Amino acid sequence: MTRLSILLTTLCLSISMACAAEISVEQPFARATPPGQPNSAAFMQLVNKGETTALVAAKSSVADVVELHTHTNDEGVMRMRRIEQIELPAGDTTVLQPGGLHVMLIGLKQPLQEGSQIDLSLEFADGSQQQIDLPVQMAMPAGMQMQQHTHGGH
C-alpha cells in the first residue's frame, strides 16, 4: 500500500506540474507604491500552450489578501471588481494590464519599491501552481497615459 500511495502521489504531482508547464508567464511586474499606499497590483501575460483552463487564485507574502480583479464600465465610471477566475483559452495569450484584468495585492506589509522583486504564486483550475518572481516597476494608473498624451501639448 505504501508504494502505491507514493506512486499515486508522484503521478498526481507530475500531471499537476504538466498543466502549469503549459502556461508561461511573460513580462510580469508589480506596480511600485509610495509609502502609506495599502494596495498594489500585478500584471503579466499568460500564454496557454495547452488545454483551456483558468487562473483561479494567487498568493504573495507581501500582501494580506490577493484577489483576481477586472475593471467594468458602470454608467461611464470605471470600477474595479473582484472576479472568481480569469479564463485562459487554449492556444491564446491573456493579458493582465492596468485598466483590465489584474492581480490585486491588498494590505501590503511594506511599500513596493521600484527595482525590488516580490513573490507571487498562481493557482490554476486543475490545482497546479506556478511560483514567479515579479520585478517592481513604476506604472501609471489606467487612463493616466491617455490623459497625459492628449493634454501634453496644451
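Quick caveat, the model's predicted, so the values are computed rather than measured.

Enquirer: Just to check I follow, could you spell out the confidence of the model for the protein chain for this structure?
Expert: The predicted structure's coordinates, where accompanied by low pLDDT, should not be read in detail. Residues of the protein chain with pLDDT of at least 70 account for 77%, and the chain-wide mean is 84. Confidence over residues 10-19 falls short of pLDDT 50; this stretch has five contacts with residues more than four positions distant or in other chains. Low pLDDT, under 50, characterises residues 143-154; the predicted model gives this stretch three contacts beyond four residues in sequence or across chains.

Enquirer: How should the pattern of salt bridges be read in this particular structure?
Expert: Pairing of side chains with opposite charge becomes possible as their charged atoms draw close. Enumeration according to the criterion identifies three salt bridges in this entry. The residue E67 makes a salt bridge to R82 at a minimum N-O spacing of 3.6 Å. Within this pair, whereas E67 is found in strand β4 (residues 63-74), its partner R82 is found in strand β5 (residues 77-83), the two being separated by 15 residues in sequence. We classify R82 as partly exposed; its relative accessible area is 48%. Note that R79 and D74 form a salt bridge whose closest N and O atoms lie 2.9 Å from each other. Since its relative accessible area comes to 36%, D74 is described here as partly exposed.

Enquirer: Would you mind showing me how to read empty space enclosed by the protein here?
Expert: To locate leftover empty space, one rolls a probe as large as a water molecule over the atoms. Evaluated as defined, the whole model comprises one cavity of 30 Å³ or more. Taken as a whole, the largest cavity spans an internal volume of roughly 30 Å³. Along its surface, the largest cavity is lined by A57, A58, K59, S121, E123 and Q129. For the lining of the largest cavity, the elements supplying multiple residues, two or more each, are β3 (53-59) and β9 (117-124). Considering every element that reaches the lining of the largest cavity, the biggest residue donor is β3, with three residues. Split by residue class, the lining of the largest cavity holds two nonpolar, two polar and two charged.

Enquirer: Mind showing me how you'd approach the nonpolar core here?
Expert: Soluble globular proteins tend to bury their nonpolar side chains together. Of all hydrophobic cores here, the largest spans 28 residues; its most connected members are M44, L46, V103, L120 and L122. If you list the elements that add at least two residues to this core, you get β1 (23-31), β2 (39-48), β3, β4, β6 (86-88), β8 (102-108), β9 and β10 (129-137). A total of four residues in this core trace back to one element, the largest contributor, which is β9. Once you skip the residues sitting within four places of it in the chain, M44 turns out to touch V25, E26, Q27, P28, T94, V95, L96, V103, L120, L122, I132 and L134.

Reading guide: rules and limits
- Residues numbered from 1 in each chain as written.
- Predicted model: local features only at pLDDT ≥ 70, side-chain atom pairs only at ≥ 80, totals over all residues.
- Heavy atoms only, no water.
- pLDDT = per-residue confidence, 0-100.
- Contact = heavy atoms within 4.5 Å.
- Salt bridge = Lys/Arg side-chain N within 4 Å of Asp/Glu carboxyl O.
- Helix = DSSP H or I, 4+ residues; strand = E, 2+ residues; numbered from the N terminus.
- Buried < 20%, exposed > 50% of the residue type's maximum accessible area, 1.4 Å probe, protein only.
- 1 Å grid on protein atoms, 1.4 Å probe; cavity = no way out; pocket = protein on both sides within 12 Å on 5 of 7 lines; lining within 4 Å.
- Points joined across faces, edges and corners; volume = space filled by probe spheres on them.
- Nonpolar A, V, L, I, M, F, W, Y, C, P; charged D, E, K, R; others polar.
- Core = buried A, V, L, I, M, F, W, Y, C linked by side-chain atoms within 4.5 Å.

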